[in-house]
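# Summary of the model geometry
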Amino acid sequence: MSPLVCCALAYPDRLENVFASLAETDWSQWLDSSARTPGQGRYSIMVTQPRRRIWQHQGQLWVADGNQPAQLSTSSLWEVLRESLANLPATQLPQGEDLLYRRGSGLPGL
C-alpha cells in the first residue's frame, strides 16, 4: 500500500492538464473549489487509487478495501466513514501545523 501523501502545490494555469494524467486511473477524482477569483480561497483535491472505496448503488452501500472484492454494508454511510477514519493507521496521518485542511470531509462530528 502506498503512503498517504498530502502537500500543497503552486496552481498551474491549466489545472485540468494536471488531472488529465490521472483521469484514466481507476477511481480518480478531482474536487475543485472555484475559479481563480481574487480574494477567494481556492483548493483542489485530486486522488487516485484510494485505499477504500465507498459507493451507493440502487439504494445499497458498498465498501471495497484495496483490490479486495466489494462487500455490501448494513451500516450507514456515516458509520462507514467514521470506521474508515478510525482505522487509518496513525503513522499515515499527515502531521504538522502547516497542514491547513486536515479533516478532508469538512463535515462536523466525523
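Residues numbered from 1 in each chain as written. Predicted model: local features only at pLDDT ≥ 70, side-chain atom pairs only at ≥ 80, totals over all residues. Heavy atoms only, no water.

### Considerations on the overall build of the protein
Defined as follows: Every helix listed is a DSSP run of H or I at least four residues long, and every strand listed is a run of E at least two residues long, numbered separately from the N terminus. We call a residue buried when its accessible area falls under 20% of the maximum for its residue type, exposed when it is over 50%, and partly exposed in between, using a 1.4 Å probe and counting protein chains only. Here the open area of atoms and residues is found with the Shrake-Rupley method and a 1.4 Å probe, where only the protein chains shown may cover a residue.
When its secondary structure is counted, the protein shows two helices and five strands. Mapped in sequence order, the helices and strands of the protein form the string α-β-β-β-β-β-α. The 110 residues of the protein split such that 11% are buried. Roughly 8900 Å² of accessible area belongs to the protein as shown, and the carbon and sulfur atoms make up 54% of that amount.

### A look at a nonpolar patch on the surface
Stated precisely, the cut-off is as follows: Patches in this entry comprise residues that are over 30% relatively accessible and not in a salt bridge; like charges within 9 Å are linked, as are nonpolar side chains (Val, Leu, Ile, Met, Phe, Trp, Tyr) within 5 Å. A pairing counts as a salt bridge when a side-chain nitrogen of Lys or Arg comes within 4 Å of a carboxyl oxygen of Asp or Glu.
Taken together, the side chains of Leu-31, Tyr-43, Ile-45 and Val-47 define a hydrophobic patch exposed on the protein surface, amounting to about 310 Å² of accessible area. Secondary-structure assignment places Val-47 in strand β2 (residues 44-47). Residue Val-47 is classed as partly exposed on the basis of its relative accessible area of 36%.

### Some points on the packing of aromatic side chains
We count it as follows: Two rings from Phe, Tyr or Trp (for Trp, the six-membered ring) form a pair when their centres are within 6.5 Å of each other. A pair whose planes differ by under 30 degrees is stacked, one over 60 is edge-to-face, and the rest are tilted.
Enumeration according to the criterion identifies two aromatic pairs in this entry. Look at Trp-27 and Trp-55: their rings are 5.2 Å apart centre to centre, the planes differ by 45°, and that puts the pair in the tilted class. On the criterion of sequence distance, the pair formed by Trp-27 in the loop between α1 (15-20) and β1 (29-32) and Trp-55 in strand β3 (residues 52-57) is long-range, its members being 28 residues apart. A relative accessible area of 39% means that Trp-27 is categorised as partly exposed.

### Some details on the environment of Trp-27
This is how it is decided: Contacts were defined at the residue level, with two residues in contact if any of their heavy atoms lie within 4.5 Å.
Residues Trp-27 and Val-47 lie 20 residues apart in sequence; the distance between their C-alpha atoms is 8.0 Å. Apart from the residues within four sequence positions on either side, Trp-27 is in contact with Val-47, Thr-48, Pro-50, Arg-53 and Trp-55.

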